[in-house]
Amino acid sequence: MNSKYEAVIGLEVHAQLLTETKLFCGCSTKFGNPPNTNVCPICLGHPGVLPVLNKKAVEYAVLMGLATNCRINEKSVFARKNYFYPDLPKGYQISQYDLPVCEAGHIDVDLSDGSTKRLGITRIHLEEDAGKSIHDQAFETLVDVNRCGVPLIEIVSEPDMRSAEEAYQYLSKIKQIVQYLSICDGNMEEGSLRCDANISVRLKGETKLGTKTEIKNMNSFKNVEKALNYEIERQIELIEDGGKVIQETLLWNADLNIASPMRGKEEAHDYRYFPEPDLMPVIVSNDWVKEISENLPELPEARKQRFTSEYKLPTYDADILTSSRDLADYYEEVAKVTADYKSASNWIMGDILKVVNETKTSIKDFSIKPVQLGKLINLINNNTISGKIAKDVFPFMLKEGKDPEVIVKEKNLVQITDSSAIESAIQKILNNNPNEVEQYLSGKEKVFGFLVGQVMRETKGKANPKAVNDILKESLEAKRK
Amino acid sequence: MPVSKKDVEHIAELAKLSFEESEIESFTGDLNEILSYVEKLNELNTDNVEPLSYPIPGQNVFRDDISTPSASTQEALKNAPDKDESFFKVPKVINMD
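Residues numbered from 1 in each chain as written. Chains lettered and ligands numbered in written order. Predicted model: local features only at pLDDT ≥ 70, side-chain atom pairs only at ≥ 80, totals over all residues. Heavy atoms only, no water.

Student: Could you give me a rundown of the overall build of chain A, with the residues and numbers involved?
Tutor: Helix and strand content of chain A: 15 helices and 17 strands. Reported as C-alpha extents along the three principal axes, the dimensions of chain A are approximately 100 × 55 × 55 Å. A total of 481 residues make up chain A; the buried ones form 48% of that total. Of the contacts made within chain A by residues no fewer than 6 positions apart, 70% connect residues no fewer than 24 positions apart. A total of about 22,700 Å² of accessible surface is found on chain A, and carbon and sulfur atoms cover 50% of it. Charge-centre separation for chain A: the mean point of 61 positive side chains lies 4 Å from the mean point of 71 negative side chains. (Helix = DSSP H or I, 4+ residues; strand = E, 2+ residues; numbered from the N terminus. Buried < 20%, exposed > 50% of the residue type's maximum accessible area, 1.4 Å probe, protein only. Contact = heavy atoms within 4.5 Å. Areas by Shrake-Rupley, 256 points an atom, 1.4 Å probe, with all protein chains shown as cover. Lys, Arg positive; Asp, Glu negative; His and termini not counted. Charge placed at Lys NZ, Arg CZ, Asp CG, Glu CD.)

Student: How would you explain the packing of aromatic side chains if you had to name every residue and give the values?
Tutor: All names here are of chain A. On inspection of all chains with the given rule, the structure shows 12 aromatic pairs over all chains. Ring centres 5.9 Å apart and planes at 80° place the aromatic pair Tyr168 and Phe221 in the edge-to-face group. In this pair, Tyr168 is assigned in helix α2 (residues 164-180) and Phe221 in helix α3 (residues 221-240), connecting sequence segments 53 residues apart. Overall, Phe221 belongs to the buried group, its relative accessible area being 12%. Between Phe307 and Tyr311, the ring centres sit 5.3 Å apart and the planes meet at 85°, which makes this aromatic pair edge-to-face. (Phe/Tyr/Trp six-rings, centres within 6.5 Å; stacked < 30°, edge-to-face > 60°.)

Student: Any details on the interface of chain B and chain A? Residues and values, ideally.
Tutor: On the chain A side, the residues contacting the 41 residues of chain B number 54 residues. Both faces combined, the contact of chain B with chain A buries some 3,800 Å², and carbon together with sulfur accounts for 59% of it. On the surface where chain B and chain A come into contact, there are 1 salt bridge. Between B:Glu50 and A:Lys75 there is a salt bridge, with its nearest N and O atoms 3.7 Å apart. (Buried area = accessible area lost by both parts, 1.4 Å probe. Salt bridge = Lys/Arg side-chain N within 4 Å of Asp/Glu carboxyl O.)

Student: Outline helix α2 (residues 21-38) of chain B, supporting the account with residue identities and numerical values.
Tutor: Note: α-helices contain 3.6 residues per turn, so residues at a spacing of three or four share the same orientation. Residue and element names in this part refer to chain B. Helix length check: α2 (18 residues) gives 26 Å between terminal C-alpha atoms against 26 Å at 1.5 Å per residue, within 8%. All buried positions along α2 are accounted for by Ile24, Thr28 and Asn32. Looking down the long axis of α2, one finds its buried residues gathered within 70° of arc, a one-sided arrangement. Across from the buried face of α2, at angles greater than 90 degrees, the exposed residues are Ser22, Glu33, Ile34 and Tyr37. (Expected span 1.5 Å × (residues − 1). Arc of directions from axis to C-beta.)

Student: Outline unusual backbone geometry, supporting the account with residue identities and numerical values.
Tutor: Residues and elements named next belong to chain A. In this structure, Asn36 takes a positive phi of about 55° despite not being glycine. Given a relative accessible area of 0%, Asn36 falls into the buried group. Despite not being glycine, Asn257 has its phi angle at roughly 60°, a positive value. With respect to the helices and strands, Asn257 occurs in the loop between β14 (249-253) and β15 (258-261). A residue is classified by how much of its surface remains accessible, and Asn257, at 33% relative accessible area, is partly exposed.

Student: Go over the pairing of strand β7 (residues 102-110) of chain A with me, naming the residues and quoting the values.
Tutor: Residues and elements named next belong to chain A. With 2 bridges connecting them, strand β3 (residues 71-72) and β7 associate as antiparallel partners. Note on β7: the bridge partner recorded for Ile72 is Cys102. Between β7 and the antiparallel strand that follows it, strand β8 (residues 116-128), lie 5 residues; Gly114 among them carries a positive phi value of about 95°. (Pairing = 2+ DSSP bridges.)

Student: Could you give me a rundown of the pattern of salt bridges, with the residues and numbers involved?
Tutor: Oppositely charged side chains can pair when the atoms bearing their charge come close. Residue and element names in this part refer to chain A. Applying the stated criterion to the full structure yields 32 salt bridges over all chains. Between Asp110 and Lys304 there is a salt bridge, with the nearest N and O atoms lying 3.4 Å from each other. Here Asp110 is found in strand β7, whereas its partner Lys304 is found in helix α5 (residues 300-310), with 194 residues between them in sequence. The class for Asp110 is partly exposed, based on a relative accessible area of 35%. Lys304 sits in the buried class, given a relative accessible area of 10%. A salt bridge links Glu332 to Arg303; the nearest nitrogen and oxygen atoms lie 2.8 Å apart. Of this pair, Glu332 sits in helix α7 (residues 325-337) while Arg303 is found in helix α5, placing the two residues 29 residues apart along the sequence. For the pair shown, Glu332 and Arg303 are each scored as buried. Three or more residues are tied together by salt bridges with common partners; here these are Glu298, Arg303, Arg306, Glu310, Asp329 and Glu332.

Student: Can you tell me about the environment of A:Val150, naming the residues and giving the values?
Tutor: Residue and element names in this part refer to chain A. Among the structural elements, Val150 can be located in the loop between β10 (140-144) and β11 (151-157). Residue classification places Val150 among the buried positions, given a relative accessible area of 4%. Put simply, Val150 and Ala57 are 93 residues apart on the chain and 9.8 Å apart in space, counted from C-alpha to C-alpha. Each residue touching Val150, except ones within four places of it in the same chain, is listed here: Gln16, Lys22, Thr29, Glu127, Glu128 and Asp129.

Structural data, given as structure tokens:
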């Protein structure tokens, strides 16, 4: 970014709530069902039907509000947002306008320069999703109403972000929080988390906002960062060349890596909001908020702090391990089995996350259960196997899903800690390598490593390395006398 | 006049309605008459009155998050002017090229 300028970015994030049923009717919200099977007269927008609000959706919205330091409005009101589109059978979306469920919150994000920045949340409101239009047919558009009426929360930020990085961190944090709350699965690629951005640029020090554009269709985290950087550069270049930014809506094209304007007619926004006459004001009493807050799980920031104090982990480890609730849960299950918290962290951040990322599996479905990893660490710490052998056991655990002690037994990998067995192996090696012994005694102690290697080989890696070191040293020193 | 002919045309466009020139003129008059009638309300001092979002007192009732049977696809598509076995069909909205 040209250093004379700064960007001003606000994000609107839509999160699909993980309720069983839709916002205003009892149809299933299940994703991937055959088209037009999760539908009824209410979500099809038939005349004469009445919406009835799903209690759980309100609870989820309040949970998000509590987790992001919002004020929970005792009274909130649904409103009709009017527009015509084939995937919106009623001709209006039931949303909230001037009285949303939650207002005036914030979250703190960590930036790459080590600083922390507080970013404001203007509001969180409830609304229903639209259906799905399929445009790939030659002569008509096909409409599937299954998604119509699925509950969403829209989280609107203050225009507090000054770079694509800050926007990326904000979005990551929102995703982390909704996942911790288990109110949304946070999958941008599948559309359960969606993000639109409002962007303008201005000279640093300027307090007035520049003309903004809106970018839609950024369906991955990577695309959000790319699209924002693209648009920031475009606006700066335009202004530097003496041009003017036009207020418009742009669609991000992930194949071409450009944002192009939506055609004129689709952006004639004039939604004529008015209070939804079919729904009475929603009252969220203090008692109810209290009840909901009792279901508030430990949030990422608090859990990170606890990981550093309870398990004595470095911040770096705690940060990675608490990045998702599932991963943090996995770690804590391991920590129930072994008291070697740092080894548990090392195994998860190293060997396990490597496989998880490579195979794109979820840690929840990982073939090595936390208990098994804990047992593996204990096998090392009680000298049953060496750390090196553990690395050999790991792939078998991964492939066969068996307990580590079963694998160790089956493959006969139990470490030799019996010193007489180690001693006889050492004697054999010393007898077979008189030259190296001679060199060692004459001061070339580097050959010690070679001799250790020979002993380990003789014992097929099963000898306890520390015992080998100690006994070998003793035997060699004894020869000096 | 607070409502112009242009406003009426704009609202008609948003509502996907089309009118004769004479109708637009008469609607402009009608709308202005209605608005000037309710204009009287502006004479009241509402400084300490909460905005009304629903005309009768009461609050929302909730539904538990328990699923109920949906309609069959066949039933859902029954009234559609155009359809195939599983989708509603509408005139093309976007050209994908």
